[in-house]
Amino acid sequence: YPRINILRWRLGRVLASPILLTLMKMTSVGIYLLVVATGLFGNPSPIENLAPTMVWVIWWVGLTYFSALVGNLWALINPWRIIFEWAESLYSWIDSEGTLSFKFNYPEWMGVYPAVVLFFGFAWVELVYSGSANPSVLAQLLLAYSMITWGGMLLFGKDAWTRHGDAFSVVFGLVSKFSPTEIRVVSRKVCSSCSLGCNVIANECIDCTTCFNRAPAIERELNIRPFAVGLLRKERISWSMMVFVLLVLSTVTFDGFSATPLWGRILELFSELFPQLIS
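Residues numbered from 1 in each chain as written. Predicted model: local features only at pLDDT ≥ 70, side-chain atom pairs only at ≥ 80, totals over all residues. Heavy atoms only, no water.

Draft legend 1. Molecular detail of the pairing of strand β4 (residues 220-224). Here β4 shows a clear split, with E221 and N223 buried on one side and none of R220, L222 and I224 buried on the other. Summarising the sheet, strand β1 (residues 4-5) and β4 pair through two bridges and their orientation is antiparallel. Across the sheet, residue N5 finds its bridge partner in β4, namely N223. (Buried < 20%, exposed > 50% of the residue type's maximum accessible area, 1.4 Å probe, protein only. Helix = DSSP H or I, 4+ residues; strand = E, 2+ residues; numbered from the N terminus. Pairing = 2+ DSSP bridges.)

What follows is the structure in structure tokens.
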């Protein structure tokens, strides 16, 4: 498919400059810490507190649309990955030959099932749990997810866990297949040693941040492409990924359906038939 590498332009190189990327990462981590702090110590009213609006509107809804219409920004500003990378850098000062992660081999049979479980929990909080707008509860859930994410990175490495266990990296990566941008590594030598198997079928390295970060600048591309061509890529889809996609589609569909008058009538009928459950 046709594509244009914007890294050939001065504006494109500015957008991908280390200074700008560092500022974006610092901003992302700062917002994450601010949301946790305001949730724990700020105004308990959901209307007066930053956390509910930031989590449910700006981050979840806004970043989902951005991923589909522009590109996978989450791959750059994921605060959990950024904080873990900073911790790795600090650890390397203490032990230059060691690594912060145990780097256990990620079991192939697990696929993205950890992400399935975590996204199911997230969807339940969003759609079912009555305290989903409570700032303190949101902050505690953010901290719990942080511990799970950093624990997975500690066991299997940040790349393996981001690809298989971080529910939001998986979902934003899927949605970004609709987007008009991609990152690409043109050298197959760089990808031949990729532990994530990014070019197993099509011999192409697209949207693999691990290879992109390892590749020399001359081998990198940041491309503009037609919308939705990312869905046409030849790649092996596991059963776990199929389950994840169906889970995302079903939860988003229910989220929309639950706001319709028909769902309201169904709830009224249910309350008339089973008043003891509603009370």
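Text resumes after the structure shown.
Draft legend 2. Examining the packing of aromatic side chains more closely. Here the structure, examined in full by the defined rule, presents 25 aromatic pairs. Relative to F168, the ring of W80 lies with its centre 6.4 Å away and its plane at 25°, an arrangement referred to as stacked. Note that W80 is positioned in helix α5 (residues 79-94) and F168 in helix α9 (residues 167-175), a separation of 88 residues in sequence. By the burial criterion, W80 is buried, and F168 matches it. Here W124 and Y129 contribute two aromatic rings whose centre-to-centre distance is 5.5 Å and whose plane-to-plane angle is 20°, an arrangement assigned as stacked. Looking at W124, the relative accessible area reads 42%, which means it is partly exposed. Given a relative accessible area of 31%, Y129 falls into the partly exposed group. A network of ring pairs unites the aromatic residues Y32, W56, W59, W60, W74, W80, F119, F122, Y145, F168, F172 and F244 as a single cluster. Just above the ring of Y1 sits the side chain of R3; from NZ or CZ to the centre is 5.9 Å. Between the NZ or CZ atom of R220 and the centre of the ring of F212, over which it lies, the distance is 5.0 Å. (Phe/Tyr/Trp six-rings, centres within 6.5 Å; stacked < 30°, edge-to-face > 60°. Lys NZ or Arg CZ within 6 Å of the ring centre and 35° of its normal.)

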